[in-house]
Every structure is written in C-alpha cells, then in structure tokens.
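Commentary on secondary and tertiary structure
Read off the chains here:
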Amino acid sequence: QVQFVESGGGLVQPGGSLRLSCAASGFTFSSYSMVWYRKAPGKERELVAGITAVSRSTKYADSVKGRFTISRINTKNTVYLQMNSLKSEDTAVYYCNAGAIGYRARYDDWGKGTQVTVSS
C-alpha cells in the first residue's frame, strides 16, 4: 500500500523559511521521481517541484523558482522541500507523491498533506 506522510508545515511570516519532509512507503522509492504539489483554497492542486530518481534533475513552478529547493535521500525514502522567502501566495496544503511522465502524480492515493500558512 502506497503511503505518503508529509510534515514540517506551520505558520510563518512573509520572508520566512520552512522545510517540508515527506516519508514515502509502499513502492521502490529510489526508482521513481518524486513531486511536491500544493492546493490553496479555491484553487486546483498544482505542481510545485519535482526531482528525478537517479540524475536528481529538478523542475520548479515558475512561481517558486529561486526560492524553493527540492531534494531527496533515497536511503531514507524521504523527499524534502526547502522553502525560503515565503510569500502569502505560498499558503496552501502541500502534498508529495511519486512522479509520472511530465511530473504528474503517479498514484491516486495522497497523504494528508501539511499546511503552510504565510501571514504576518
């Protein structure tokens, strides 16, 4: 059974930083790219960042380029999202998943996500 457990969210002031973590299980983590998505109230879930399995190539949404960094540790089955210079528009629930072609989410099963709120 595929499982994703996200953590690290919270309330932060504009300009602040957070580091999200996602522990994955139920599949061969090291064989798949990993992605972070987010969903803000009233909006569709959108891709934030992705990282490939072996080459560690990365992709970022234009809105987060230069501010967010995705990374992974295959021996820990964990993917991270370092978020710096946070803005109010980054407020959302953040989810991870394994990646498919085009960094789409591979699995229909999502975790509970972790809430990020950027507010003064």
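Structure shown above.
Here the structure is a predicted model, which is why all the values come from computation and not from measurement.

Definitions and cut-offs
Residues numbered from 1 in each chain as written. Predicted model: local features only at pLDDT ≥ 70, side-chain atom pairs only at ≥ 80, totals over all residues. Heavy atoms only, no water. Helix = DSSP H or I, 4+ residues; strand = E, 2+ residues; numbered from the N terminus. Rg over C-alpha atoms; globule rule 2.2 N^0.38 Å. Buried < 20%, exposed > 50% of the residue type's maximum accessible area, 1.4 Å probe, protein only. Contact = heavy atoms within 4.5 Å. Areas by Shrake-Rupley, 256 points an atom, 1.4 Å probe, with all protein chains shown as cover. Lys, Arg positive; Asp, Glu negative; His and termini not counted. Charge placed at Lys NZ, Arg CZ, Asp CG, Glu CD. Disulfide = S-S within 2.5 Å.

1. Quick word on the overall build of the protein chain
A tally of helices and strands in the protein chain yields zero helices and 10 strands. Its helices and strands in sequence order give the protein chain the pattern β-β-β-β-β-β-β-β-β-β, from N to C terminus. A compact globule built from 120 residues should have a C-alpha radius of gyration of about 14 Å, and the protein chain, at 13 Å, falls within 12% of that. Projected onto its principal axes, the C-alpha coordinates of the protein chain cover approximately 40 × 25 × 25 Å. Sorting the 120 residues of the protein chain into buried and exposed places 46% on the buried side. Long-range contacts, defined as pairs at least 24 residues apart, comprise 55% of the intrachain contacts of the protein chain with a sequence gap of at least 6. Carbon and sulfur atoms form 46% of the exposed surface of the protein chain, whose accessible area is close to 6,300 Å². Between the mean site of the 15 positive side-chain charges and the mean site of the 8 negative ones, the protein chain shows a separation of 6 Å.

2. Side note on the state of the cysteines
Across all of its chains, the model carries one disulfide by this definition. Between the sulfur atoms of Cys22 and its disulfide mate Cys96 the distance is 1.7 Å. Highlighted residues: Cys22 in strand S3 (residues 18–25) and Cys96 in strand S9 (residues 92–98), separated in sequence by 74 residues. Cys96 shares its class with Cys22; the two are buried.

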